[in-house]
Amino acid sequence: VSICRRLDGMPLAIELAAARLRSLSLADLERRLDQRFRLLTGGSRSALPRQQTLLATVQWSYSLLSPAEQALLRRLSVFVDGFELEAAEAVCAQDPIDTDEVTDLIASLVDKSLVVADRHGETVRYQLLETIRQFAGDRLIDDQDEAIALNEAHLQHFLTVAETAAPHLSGPHPGPWQLRLDADQGNLRRALETAIGDPEQTRTVLRLAHALRRHWWLRTRRAELLAPILPVIERPEAREDPELLGQALVSLALTAMYVDIQAARRLAEQAVELGRDTADAPLLVSALRALANAHWFGGEPGAGLAPANEAVARARALGDDVLLGESLTICAACTRAVEPAKTDSVLREALACVQRTGDLFMSAILRNNASVDALHAGDIAAAREHLEIAFEAFEAMGVANFNVRGNLGMVRREEGEFDAARELVEDGLRISRRAGDRYGLAYSLLCLALIAGDRDDCSRAAELLGAAQSFLDQIGQPWLALYYAPTREASIETARAVLGEQQFQRLYERGRRLTADHAMRLAFSG
């Protein structure tokens, strides 16, 4: 199925691929499709010459295009996972193609089935079949000057897209902007890769990191994102704009919380230092908030309370309710663990603040956090109410959130609805796996272990508990939240008592050795 999909369902391509199975396995064939024009040769000798190899067929179609159509097709290969007309005009309208020619040329390529047009409501998004994109990209590489100019135009266009979307992501209607960034996820990643690969674009990398902070928090495969960016912040050029570097460090610190908690703390500390050195008040508030988050996620709420309180005080002095709402959110979390009697007042102020700004994302986070407090207190009705509000908020943002689903699953568990609980948690587990989110995998697997224990399947519970611990250990985090940590301990003790120490440890350690794929199989096998 994967091979047929990657070959765009093209009959000739599939026929030529099938012929290769005389000497290759399916897996080997699938791995080599990035070199499909070298691979897919040797068609029937009775066929026309242009039908004997995939390259000859596509080359023949390309030769029938006008020079302008050929030029546009080559240029459209810079887009990943599609593009809108506005993007094509911004990136591809370079000599000899004028902006007002792009629309008609794309229409002509659509008519010739070389570009696919997908209509979504009032918008149309275009895409090259992957086979055509590879062919056109190979033609583009032949002209290095054209390729460099197009990559630069592509980078600048999607930098503009990111910076235009950024302020809307902390408002009352982030959904359309999140969806816009989602659609161009591949293009944003390519733009970032282009900037990372050019030392002269260091400032652009920092601007992208700043602009995409909220989007990365909600969407991106975080581990894949951090690794290539971290060396960029060490470049001498990154220090030329300390305020911008500080904002980029905040973005990376918040992203690293779910990947490497030690790195998150280190990045946040660097951002705080820059905030103090530059006297950039908004930067310092954001940096203090990131540091408080890193301490809280690292199991140090006491250490996080001081920077959280300072962030709140400085945000109040600035009169910036968006920064205040973000700061109060982490302040409420740290206060809950250190000074629980003060939690309600901080939470009320935080909710009032995000209501003023309409910050839908922070509202969802606050409600989700409050639901865990209610679960711990045994107030199931309040937990459900908070989660229903959080769920609606995430849905309005177009975000499938594993955490809300997991917490809703625990509400249903407390109500004795184990099948419904498991369905919700499994949904959250799928979301985490698609995103490569080890934090989400850990908590989802823990929830499934709790449900397995409720059903007296202690062997399964022990193995799931081990798998959950393994994924959390990879981040360097302890178990968080008043509800989950003690509930996990109770589940461990029950399983140990039923199975005996030796059997429990054997299953627990087996769970700890599972890969993500094997953990998924275990999760869905019961």
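Basis of the calculations
Residues numbered from 1 in each chain as written. Predicted model: local features only at pLDDT ≥ 70, side-chain atom pairs only at ≥ 80, totals over all residues. Heavy atoms only, no water. Salt bridge = Lys/Arg side-chain N within 4 Å of Asp/Glu carboxyl O. Helix = DSSP H or I, 4+ residues; strand = E, 2+ residues; numbered from the N terminus. Buried < 20%, exposed > 50% of the residue type's maximum accessible area, 1.4 Å probe, protein only. Phe/Tyr/Trp six-rings, centres within 6.5 Å; stacked < 30°, edge-to-face > 60°. Contact = heavy atoms within 4.5 Å. Polar contact = N/O pair within 3.5 Å; in protein donor to acceptor, adjacent residues only side chain to side chain. pLDDT = per-residue confidence, 0-100. Patch = residues over 30% accessible without salt bridge, like charges linked within 9 Å, V, L, I, M, F, W, Y side chains within 5 Å. Areas by Shrake-Rupley, 256 points an atom, 1.4 Å probe, with all protein chains shown as cover. Lys, Arg positive; Asp, Glu negative; His and termini not counted. Charge placed at Lys NZ, Arg CZ, Asp CG, Glu CD. Axes fitted to C-alpha atoms, helices over the stretch in contact; angles between N-to-C directions. Parallel < 35°, antiparallel > 145°, perpendicular 65-115°, else oblique. Left-handed = near helix turned anticlockwise from the far one by under 90°. Disulfide = S-S within 2.5 Å.

(A) Geometry of the pattern of salt bridges. Applying the stated criterion to the full structure yields 37 salt bridges. Among the salt bridges present, the one from E146 reaches R75, with a minimum N-O distance of 2.8 Å. Residue E146 is found in helix α10 (residues 144-165), and its partner R75 is found in helix α6 (residues 67-76); the two are separated by 71 residues along the sequence. Of the residues examined, E146 reaches a relative accessible area of 11% and is grouped as buried. Relative accessible area serves as the criterion here: at 3%, R75 is assigned to the buried category. Ionic pairing is found between R496 and E493, a salt bridge with its closest N-O pair at 2.9 Å. Linking R496 with E493, this pair stays in helix α28 (residues 484-499), spanning 3 residues, or about one helical turn. Look at the salt bridges and you will find they share partners, linking R214, R289, E326 and D359 into a network.

(B) Structural detail: the packing of aromatic side chains. Taken as a whole and assessed by the stated rule, the structure comprises 16 aromatic pairs. Centroid distance W217 to F361: 5.1 Å. Interplanar angle 75°. Geometry classified as edge-to-face. Taken as a pair, W217 in helix α14 (residues 213-218) and F361 in helix α22 (residues 360-377) lie far apart in primary sequence, 144 residues in all. Residue W217 is classed as buried on the basis of its relative accessible area, which comes to 9%. Arranged with centres 5.0 Å apart and planes meeting at 45°, the rings of Y439 and Y443 form a pair that is tilted. Of the two residues, Y439 and Y443 both sit in helix α26 (residues 438-454), 4 residues apart, roughly one turn of that helix.

(C) Geometry of the environment of V346. The residue V346 is located in helix α21 (residues 343-357) in this model. Note: C-alpha distance between V346 and R438 (92 residues apart in sequence) is 30 Å. Ignoring sequence-local partners within four residues, the contact set of V346 consists of L328, C331, A332 and T335.

(D) Summary view of the environment of T335. For T335, the location among the structural elements is in helix α20 (residues 321-338). Note on T335: relative accessible area 3%, which makes it buried. Through-space distance from the C-alpha of T335 to that of L347 is 9.5 Å; in sequence the pair is 12 residues apart. Here T335 is in contact with L305, P340, K342, T343 and V346, once residues within four sequence places are set aside. Of note is the side chain of T335, whose polar atom sits 2.7 Å from the backbone oxygen of C331.

(E) Examining the confidence of the model for the protein chain more closely. For the protein chain, per-residue confidence averages 92 on the pLDDT scale, and residues scoring 70 or more make up 98% of the total. Summarising per-element confidence for the protein chain, the mean pLDDT is lowest in helix α4 (residues 36-39) (72) and highest in helix α29 (residues 501-512) (98).

(F) Representation of a negative patch on the surface. A surface patch of like charges, here negative, comprises D95, D98, D100, E101 and D104. With respect to the helices and strands, D104 occurs in helix α8 (residues 99-111). Residue classification places D104 among the exposed residues on the basis of a relative accessible area of 56%.

(G) The arrangement of the packing of helix α16 (residues 242-256) against helix α18 (residues 281-297) in detail. Contact pair α16 / α18: the axes reach a minimum separation of 9 Å and the direction vectors enclose 25°. The orientation of α16 relative to α18 falls into the category roughly parallel. Here α16 runs over α18; the crossing is left-handed. Contact residues: α16 offers P242, E243, G246, Q247, V250, A253 and L254, while α18 offers P282, L283, S286, A287, R289, A290 and N293.

(H) Expanded view of unusual backbone geometry. Going from D95 to P96, the amide bond is cis rather than trans, its omega being 15°. Mapped onto the elements, P96 comes out in the loop between α7 (85-92) and α8. One non-glycine residue, D8, lies in the positive phi region at around 60°. By secondary structure assignment, the location of D8 is in the loop between α1 (2-6) and α2 (11-20).

(I) Local environment of the state of the cysteines. Counting across every chain of the model gives 0 disulfides. Cysteine C331 shares no disulfide, and the gap to the nearest cysteine sulfur, in C334, comes to 7.1 Å. Of the residues examined, C331 reaches a relative accessible area of 3% and is grouped as buried. Looking at C458, it has no disulfide partner, and the nearest cysteine sulfur is the one in C447, 17 Å off.

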